[in-house]
Amino acid sequence: MLLNIIIVEDSEELCEGWQDILSLDGHRVRCFLTGRSALEDRTLIMQADVLVTDYYLPDINGLTLVSMIRKIRADLPIILLTGTRDPAIQESLRQVENSLFLSKPIRIEQLERSIRELIASSTRSPPVESDKADNVTRPPSSPY
């Protein structure tokens, strides 16, 4: 399954490394070094299959970014990364719906596996096709 992936990570080296490896696997990957730069292209957000973001960004934190992204696209699966050991931040990240929380450092294999698992368990449900919706069997009406 080839995916459209948005990565928001302030480490340019890490972002480029992930982008290179994920692109070799056939995925389309866009990297951003700040949260606000990731928010600039709404079309990209609408076409994305998953957002991977660090918690600590130079302009806004990852939870703020997620909140702003969810106003644009409520169903976008999200992976939140952080190297912090602060339990309050970790618990806040775990409360984000349709997301996974991962602790840094993280190996690319773990990131790839987590992306696949999140997509597979995504709460997104396919739209009902109109011709199938018309053929739904309904119980008979009650005479009462």
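You'll find the structure just up there.
Below you will find a few notes about this structure. (Residues numbered from 1 in each chain as written. Predicted model: local features only at pLDDT ≥ 70, side-chain atom pairs only at ≥ 80, totals over all residues. Heavy atoms only, no water.)

Overview of the packing of helix α1 (residues 12-24) against helix α6 (residues 108-120)
Running from amino to carboxyl end, α1 crosses α6 at an angle of 60°, the nearest separation of the two axes being 11 Å. Accordingly, the angle class assigned to the pair α1 and α6 is oblique. For the crossing formed where α1 meets α6, the hand is right-handed. Listed contacts from α6 to Trp18, Ile21 and Leu22 of α1 are Ile108, Leu111 and Glu112. Here the residues of the contact of α1 with α6 are counted per class, giving five nonpolar, no polar and one charged. (Axes fitted to C-alpha atoms, helices over the stretch in contact; angles between N-to-C directions. Helix = DSSP H or I, 4+ residues; strand = E, 2+ residues; numbered from the N terminus. Parallel < 35°, antiparallel > 145°, perpendicular 65-115°, else oblique. Left-handed = near helix turned anticlockwise from the far one by under 90°. Contact = heavy atoms within 4.5 Å. Nonpolar A, V, L, I, M, F, W, Y, C, P; charged D, E, K, R; others polar.)

Some thoughts on the nonpolar core
Counting 23 residues, the largest nonpolar core has Ile6, Val8, Leu39, Ile45, Leu51, Leu65 and Ile69 as its most contacted members. Elements with a contribution of two residues or more to this core: β1 (4-8), α2 (35-39), α3 (42-47), α4 (62-72), β4 (78-82) and α5 (87-94). Per-element accounting of this core gives the leading share, four residues, to α4. Contacts of isoleucine 69, omitting those with residues within four sequence positions, involve Leu39, Ile45, Leu51 and Leu76. In this structure, Leu22, Val29, Ile79 and Ile106 belong to the second largest nonpolar core, which totals 18 residues. (Core = buried A, V, L, I, M, F, W, Y, C linked by side-chain atoms within 4.5 Å. Buried < 20%, exposed > 50% of the residue type's maximum accessible area, 1.4 Å probe, protein only.)

Quick word on the environment of glutamate 112
Its place among the elements puts glutamate 112 in helix α6. For the pair glutamate 112 and aspartate 25, spaced 87 residues apart in sequence, the C-alpha separation works out to 9.8 Å. Discounting residues that sit within four places of it in the chain, glutamate 112 has contacts with Ile21, Leu22 and Asp25.

Things to note about the pairing of strand β5 (residues 99-103)
Every regular strand shows the same layout, with side chains that alternate between the two sheet faces. Sheet topology note: the β4/β5 ladder contains five bridges and is parallel. Residue pairing across strands places isoleucine 78 opposite serine 99, the latter belonging to β5. The parallel pair β4 and β5, bridged by α5, forms a crossover whose chirality is right-handed. (Pairing = 2+ DSSP bridges. Right-handed = clockwise from strand over helix to strand, strands pointing away.)

Structural notes on the sheet that holds strand β3 (residues 50-54)
Read across the open sheet, the five strands follow the order β2-β1-β3-β4-β5; overall the sheet is parallel. Of all strands in the sheet, those bounded by a partner on one side alone are β2 (28-32) and β5. Between one strand axis and the next, the sheet turns through 15° on average, direction left out of account. Pairing between β1 and β2: five bridges, direction parallel. If you follow valine 8 over to β2, its bridge partner there is phenylalanine 32. Contacting β1, β2 and β4, α1 runs over the sheet at an angle of about 175° to β2. Relative to the sheet, α6 contacts β1, β3, β4 and β5, its axis offset from that of β5 by approximately 165°.

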